[in-house]
Amino acid sequence: MRSLLLSLFVLAALILPTWAADQACVVCSVEQSRYHLEDCQHVTEWNGESFYFCQEACKERFDSEPEVWSKKFAVLDKVAATPTLLPAFKFPLEPLGSLSSEDLAGKVLVLNLWATWCGPCSEEMPDLVKLQEEYGDKGLAVVALSFDKTKEAHSKGVKALGLNFPSIFADQEAVAEFLAKLGPVSAIPITFIVNTEGRIVERIDGKGTFDQFVKSVEPLLPQAESPKKSSRRGSVVPS
């Protein structure tokens, strides 16, 4: 019996420290786009869940906007199957030119996968148009990849929806190679939020909203000025 108790004590001594350290700091995880495991001594209870933090400063940041941080933290398991860094690309544009990841260097990229035959995709397009209109001169670029069956259907949809950002027909070799590196796509719409360093920080599955997009991109923008303070508008100018 004494031998058994001693064995259990030793086992507990080995396991408990691992448990204590096996927590992900919400703020560090969101900012690094991966689960950041540490011995998190700080915790907040919010909306029926426990959220852990490696430092008091991280806890204070979460407590200031718990809904925003918790949603971003919940996305991490969805982006686990995607690369941390957005694959480099150079997409051909119609009728001439191209759009590359180098053209968008230093911008916050909102990459949307859609098609004109997809109802939810078309429904969220006005919000993406508004996002480009409001934040295009703040360092943001919206780019769409269309899974339409024909170029004609794609062009007609772009015109009908009044898109103010590039939408690229996906059935092209360069786009197919990019998508293969990006990872499997089982349903659209999907929106990837990419920071100024080219890192995927969030994946939104299904139809997004303007407010949702704003909450995701505003903290990443190089300029913190509210768009309402400026009447300027901007858009991507491809090469």
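For the structure itself, look to the data block above.
Conventions and cut-offs
Residues numbered from 1 in each chain as written. Predicted model: local features only at pLDDT ≥ 70, side-chain atom pairs only at ≥ 80, totals over all residues. Heavy atoms only, no water. Pairing = 2+ DSSP bridges. Helix = DSSP H or I, 4+ residues; strand = E, 2+ residues; numbered from the N terminus. Axes fitted to C-alpha atoms, helices over the stretch in contact; angles between N-to-C directions. Phe/Tyr/Trp six-rings, centres within 6.5 Å; stacked < 30°, edge-to-face > 60°. Buried < 20%, exposed > 50% of the residue type's maximum accessible area, 1.4 Å probe, protein only. Lys NZ or Arg CZ within 6 Å of the ring centre and 35° of its normal. Core = buried A, V, L, I, M, F, W, Y, C linked by side-chain atoms within 4.5 Å. Salt bridge = Lys/Arg side-chain N within 4 Å of Asp/Glu carboxyl O.

**Side note on the sheet that holds strand β9 (residues 167–169)**
Phase 1: Taken together, the five strands give an open sheet; going across it, the order is β9-β8-β7-β10-β11, and neighbouring strands pair in mixed fashion. On the outer flanks of this sheet lie β9 and β11 (200–205), each paired with one strand and no other. Put simply, the sheet's adjacent strands are angled 20° from each other on average, direction ignored.
Phase 2: The sheet contact formed by strand β7 (residues 108–114) and strand β8 (residues 140–146) spans seven bridges and is parallel. Looking at the pairing, Val108 lines up with Leu140 of β8.

**Some remarks on the packing of aromatic side chains**
The geometry of an aromatic ring pair comes down to the distance between the two centres and the angle between the two planes.
Phase 1: The final tally for this structure, using the stated rule, is five aromatic pairs.
Phase 2: A centroid spacing of 5.1 Å and a plane angle of 50° characterise the contact between Phe53 and Phe62, whose relative ring orientation is tilted.
Phase 3: Aromatic pair Phe89 and Phe91: ring centres 4.4 Å apart, planes at 10°, arrangement stacked. Both residues of the pair, Phe89 and Phe91, count as buried.
Phase 4: Cluster of aromatic residues (ring-pair linked, three or more members): Phe51, Phe53 and Phe62.
Phase 5: Across from the ring centre of Phe210, 4.3 Å away, lies the NZ or CZ of Lys130, which sits over that ring.

**Points about the nonpolar core**
Phase 1: Membership of the largest hydrophobic core comes to 47 residues, with the highest contact counts inside it found for Leu86, Leu131, Leu140, Leu145 and Phe178.
Phase 2: Among the elements of the structure, β7, α5 (119–135), β8, α7 (173–182), β10 (190–194), β11 and α8 (210–217) are those that each provide at least two residues to this core.
Phase 3: Core analysis: the next-biggest nonpolar cluster, separate from the first, contains 14 residues, Val26, Cys28, Val30 and Phe73 among them.

**As for the pattern of salt bridges**
Phase 1: Scanning the model with the defined rule gives four salt bridges in all.
Phase 2: With a closest N to O distance of 2.9 Å, Lys59 and Asp63 form a salt bridge. Of this pair, Lys59 and Asp63 both sit in helix α3 (residues 56–64), four residues apart, which is roughly one turn of the helix.
Phase 3: For Lys59, a relative accessible area of 18% translates into the label buried.
Phase 4: Measuring nitrogen to oxygen at the nearest pair gives 3.0 Å for the salt bridge that ties Lys207 to Glu123. Of the two residues, Lys207 is situated in the loop between β11 and α8 and Glu123 in helix α5; the sequence distance between them amounts to 84 residues.
Phase 5: By relative accessible area, which is 43% here, Lys207 ends up partly exposed.

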